[in-house]
Amino acid sequence: MIGGRKHFTFYSCAFLHTELLKHRTKLRKLTKLSDADLDEVIAKVTGNIMFINEASLSAKLILATEQSMAGNDLKDVPFVALAKNRKAKLWTGDRSLAKGLSVSHPNLVVSTLDLLVRLQKYEA
């Protein structure tokens, strides 16, 4: 996101690295990038993220988040717990997750469109 780094701080769980590796084939297919180009894009994107080891989040927070996310994909628990821990918004394109969180965690999720609108306000 151009200019985003000076206006926003991005955090993620270290698990994001695992997810990127797991979905690498899908990412290559969707982007039609070579391995080298995909590696470059991933490095640029992740270079703007402060990674937090999810093991550093309290067990109490993880358990409470897990319980409040009944019906959602539990692999997302660390990301939601991290957002709660940082008192931050969760930026996700996962519509199912966003919909599920709208009840249990209203105002937690921010969409890409929301971020772009906010960024335009900062840069205007």
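Structure's up top.
This section reports on the structure supplied with the text. In this text, all values refer to a predicted model and were calculated from it rather than measured experimentally.

### What to know about the nonpolar core
Phase 1 of the analysis: M69, V80, L90, L97, L101 and L108 are the most contacted members of the largest nonpolar core, which totals 15 residues.
Phase 2 of the analysis: For this core, the secondary structure elements donating two or more residues are α6 (77-85) and α7 (95-104).
Phase 3 of the analysis: Discounting residues that sit within four places of it in the chain, L101 has contacts with M69, N72, V80, L90, P106, L108 and V109.

### Quick notes on the pattern of salt bridges
Phase 1 of the analysis: If you walk through the whole model with that rule in mind, you get seven salt bridges.
Phase 2 of the analysis: Ionic pairing is found between D39 and R24, a salt bridge with its closest N-O pair at 2.7 Å. Placement of the pair is D39 in helix α4 (residues 35-46) and R24 in helix α3 (residues 24-31), with a sequence separation of 15 residues.
Phase 3 of the analysis: E40 is the salt-bridge partner of K44, the closest N and O atoms lying 3.4 Å from each other.

### Some words on the packing of α3 against α4
Packed helices, taken two at a time, are described by the angle between their axes plus the distance between the axes.
Phase 1 of the analysis: At a closest axis distance of 11 Å, the pairing of α3 and α4 adopts a crossing angle of 105 degrees. The orientation of α3 with respect to α4, classified from their angle, is roughly perpendicular. Contacts between α3 and α4 involve R24, L27 and R28 from the first element and D35, L38, D39 and I42 from the second.
Phase 2 of the analysis: When grouped by side-chain class, the residues that make up the contact of α3 with α4 number three nonpolar, no polar and four charged.

How each quantity is defined
- Residues numbered from 1 in each chain as written.
- Predicted model: local features only at pLDDT ≥ 70, side-chain atom pairs only at ≥ 80, totals over all residues.
- Heavy atoms only, no water.
- Core = buried A, V, L, I, M, F, W, Y, C linked by side-chain atoms within 4.5 Å.
- Buried < 20%, exposed > 50% of the residue type's maximum accessible area, 1.4 Å probe, protein only.
- Helix = DSSP H or I, 4+ residues; strand = E, 2+ residues; numbered from the N terminus.
- Contact = heavy atoms within 4.5 Å.
- Salt bridge = Lys/Arg side-chain N within 4 Å of Asp/Glu carboxyl O.
- Axes fitted to C-alpha atoms, helices over the stretch in contact; angles between N-to-C directions.
- Parallel < 35°, antiparallel > 145°, perpendicular 65-115°, else oblique.
- Nonpolar A, V, L, I, M, F, W, Y, C, P; charged D, E, K, R; others polar.

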